[in-house]
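Below, each chain spelled out in residue letters.
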Amino acid sequence: MSTPLRPDAPGRVAAFFDLDKTIIAKSSTLAFSKPFFDGGLINRRSVLKSSYAQFLFLVSGADHDQMERMRIHIANMCTGWDVEQVRAIVAETLHDIVDPLVFAEAADLIADHKLRGHDVVIVSASGEEVVAPIAEALGVDHDMGTQMAVEDGKYTGELSFYCYGPGKVTAMEELAEREGYDLSRSYAYSDSITDLPMLDAVGHPTAVNPDRGLRREASARGWPILTFSDPVSLRARFQAPSSGTVAGMAAVSFGALAAGAATYTLLRRRR
């Protein structure tokens with residue numbers, strides 16, 4: 001349970017990260033289309049539609065209308081799915097699907113915030129069944145994703161909470177109230193103009209791999225703009241040490257500290 005803050009005490013600092021194209025290089029939800037197909041949840045036509053949606057997402061980003069079409073497509077596709085089967089498929093295939101997609105720069109930035117004593121939070125429009133395991137794998141403190149309505153263990157096709165646009169801000173404010181975060185001292189990172197409310201909600205917004213609309217807005221407001229372009233395998237970066245690799249791990253730890261410091265310096269220079 002969080003300790004109540006004195007009225008004059010500064011709040012804690014959090015770093016809020018969007019997930020798709022900010023931490024990982026693809027749409028987290030659409031990335032699971034193949035294992036969902038292998039598990040008998042979707043047909044080949046749905047796989048092709050998901051692949052096409054992924055292509056559009058990567059090439060042009062996603063504006064409000066595209067996000068709405070994607071929301072409807074995914075809600076319709078998921079109707080009647082067994083919740084536990086979905087969670088099992090995600091758990092079984094998570095590392096094979098997501099592990100190679102994490103941007104090295106994002107991992108370094110998350111490590112930097114942790115070193116500075118900040119809580120790290122993932123805020124994503126993707127379903128919580130996908131967001132939560134990714135957040136756990138990354139070692140972040142909290143995660144918030146879209147919640148599908150469930151009845152008798154199956155998805156109804158309705159949303160009980162859509163973590164998108166203003167919905168992200170609502171989730172952030174509720175978490176800040178519970179955890180004692182001062183949003184005016186906190187950070188947010190996203191690639192999409194649809195996350196402008198999320199970026200506006202904090203004192204330190206940063207555009208990452210921004211789409212055209214967000215790049216224009218960030219430039220006009222003088223916000224930092226970062227480019228993440230190096231997806232890496234987290235398992236390759238964070239393997240458990242053996243007795244013969246202590247010195248190597250020490251070097252890696254020093255490198256992570258240096259990377260975090262360099263990222264922090266870059267952000268300060270761009271503000």
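Look up: the structure comes first, before these words.
Residues numbered from 1 in each chain as written. Predicted model: local features only at pLDDT ≥ 70, side-chain atom pairs only at ≥ 80, totals over all residues. Heavy atoms only, no water.

Draft legend 1. Structural context of the side chain of Asn-209. Mapped onto the elements, Asn-209 comes out in the loop between strand 7 (204-208) and helix 9 (212-221). The class for Asn-209 is buried, based on a relative accessible area of 18%. At a separation of 3.4 Å, a polar atom in the side chain of Asn-209 contacts the main-chain carbonyl oxygen of Lys-21. Excluding its chain neighbours within four sequence positions, the residues that come into contact with Asn-209 are Lys-21, Phe-103, Asp-191, Leu-226, Thr-227 and Phe-228. (Helix = DSSP H or I, 4+ residues; strand = E, 2+ residues; numbered from the N terminus. Buried < 20%, exposed > 50% of the residue type's maximum accessible area, 1.4 Å probe, protein only. Polar contact = N/O pair within 3.5 Å; in protein donor to acceptor, adjacent residues only side chain to side chain. Contact = heavy atoms within 4.5 Å.)

Draft legend 2. Spatial organisation of the packing of aromatic side chains. A complete count under the given rule lists 4 aromatic pairs for this structure. Ring geometry for Phe-16 and Tyr-181: centres 6.3 Å apart, planes at 85°, overall edge-to-face. With Phe-16 in strand 1 (residues 14-17) and Tyr-181 in the loop between helix 7 (166-179) and strand 6 (187-190), this residue pair connects regions lying 165 residues apart in the sequence. Residues Phe-16 and Tyr-181 agree in their burial class; the two are buried. When the ring of Phe-17 is compared with that of Tyr-189, the centres are 4.6 Å apart and the planes differ by 20°; the resulting orientation is stacked. Of the two residues, Phe-17 sits in strand 1 while Tyr-189 sits in strand 6, which places them 172 residues apart along the sequence. (Phe/Tyr/Trp six-rings, centres within 6.5 Å; stacked < 30°, edge-to-face > 60°.)

Draft legend 3. Just the environment of Ile-23, in detail. Residue position: Ile-23 is located in the loop between strand 1 and helix 1 (33-38). C-alpha of Ile-23 to C-alpha of Asp-191: the two residues are 168 residues apart in sequence and 9.7 Å apart in space. Among residues more than four places away in sequence, those in contact with Ile-23 are Phe-17, Asp-18, Leu-101, Val-102, Phe-103, Ala-106, Ile-110, Ile-122 and Leu-138.

Draft legend 4. Representation of the sheet that holds strand 3 (residues 119-127) in the model. One open sheet accounts for 7 strands, arranged 5-4-3-1-6-7-8; its pairing is mixed. Only two strands of the sheet have a single partner each, and these edge strands are strand 5 (154-161) and strand 8 (225-226). Bridging between strand 4 (residues 142-151) and strand 5 involves 4 bridges; their strand directions are antiparallel. For Gln-147, the partnering residue across the bridge sits in strand 5 and is Phe-161. (Pairing = 2+ DSSP bridges.)

Draft legend 5. Spotlight on the pattern of salt bridges. Within this structure, the stated rule accounts for 10 salt bridges. Among the ionic pairs, Asp-112 bridges to Arg-116, the shortest N-O distance being 3.2 Å. On the accessibility criterion, Asp-112 (4% relative accessible area) is buried. One salt bridge in this structure joins Glu-217 and Arg-221, with 2.8 Å as the shortest N-O distance. Remark: Arg-221 and Glu-217 occur in helix 9; sequence separation between them is 4 residues, near one turn of the helix. (Salt bridge = Lys/Arg side-chain N within 4 Å of Asp/Glu carboxyl O.)

Draft legend 6. Looking closely at unusual backbone geometry. Positioned with a positive phi, Asp-152 is a non-glycine residue whose angle comes to about 55°. Positionally, Asp-152 belongs in the loop between strand 4 and strand 5. Here the phi dihedral of Asn-209 falls at roughly 45°; this positive angle occurs in a residue that is not glycine.

Draft legend 7. Structural detail: the pairing of strand 4. Bridge count for strand 3 against strand 4 is 4 bridges, and the pairing is parallel. Bridge pairing in strand 4 links Val-121 to His-142. Since strand 3 and strand 4 lie parallel, the crossover through helix 6 (residues 128-138) that links them has a hand, and here it is right-handed. Connecting the antiparallel pair strand 4 and strand 5 is a turn made up of 2 residues, with Asp-152 showing a positive phi of about 55°. (Right-handed = clockwise from strand over helix to strand, strands pointing away.)

Draft legend 8. Representation of the packing of helix 4 (residues 83-98) against helix 6. Running from N to C, helix 4 and helix 6 cross one another at 45°; their axes reach a closest spacing of 10 Å. Relative to helix 6, the element helix 4 lies oblique. In this structure, helix 4 crosses over helix 6, and the sense of that crossing is right-handed. Contact residues: helix 4 offers Val-86, Arg-87, Val-90, Leu-94, His-95 and Val-98, while helix 6 offers Glu-129, Val-130, Pro-133, Ile-134 and Ala-137. Tallied by class, the residues present in the contact of helix 4 with helix 6 amount to 8 nonpolar, 1 polar and 2 charged. (Axes fitted to C-alpha atoms, helices over the stretch in contact; angles between N-to-C directions. Parallel < 35°, antiparallel > 145°, perpendicular 65-115°, else oblique. Left-handed = near helix turned anticlockwise from the far one by under 90°. Nonpolar A, V, L, I, M, F, W, Y, C, P; charged D, E, K, R; others polar.)

Draft legend 9. Local environment of helix 4. The largest bend in helix 4 amounts to roughly 45° and is located at Glu-92. Taken residue by residue, helix 4 has Val-83, Val-86, Ile-89, Val-90, Thr-93, Leu-94 and Val-98 as its buried positions. For helix 4, the capping residue at the N-terminal end is Asp-82, with a side-chain oxygen 3.2 Å from the backbone nitrogen of Glu-84. (Bend = angle between axes of the 7 residues up to and from the residue.)

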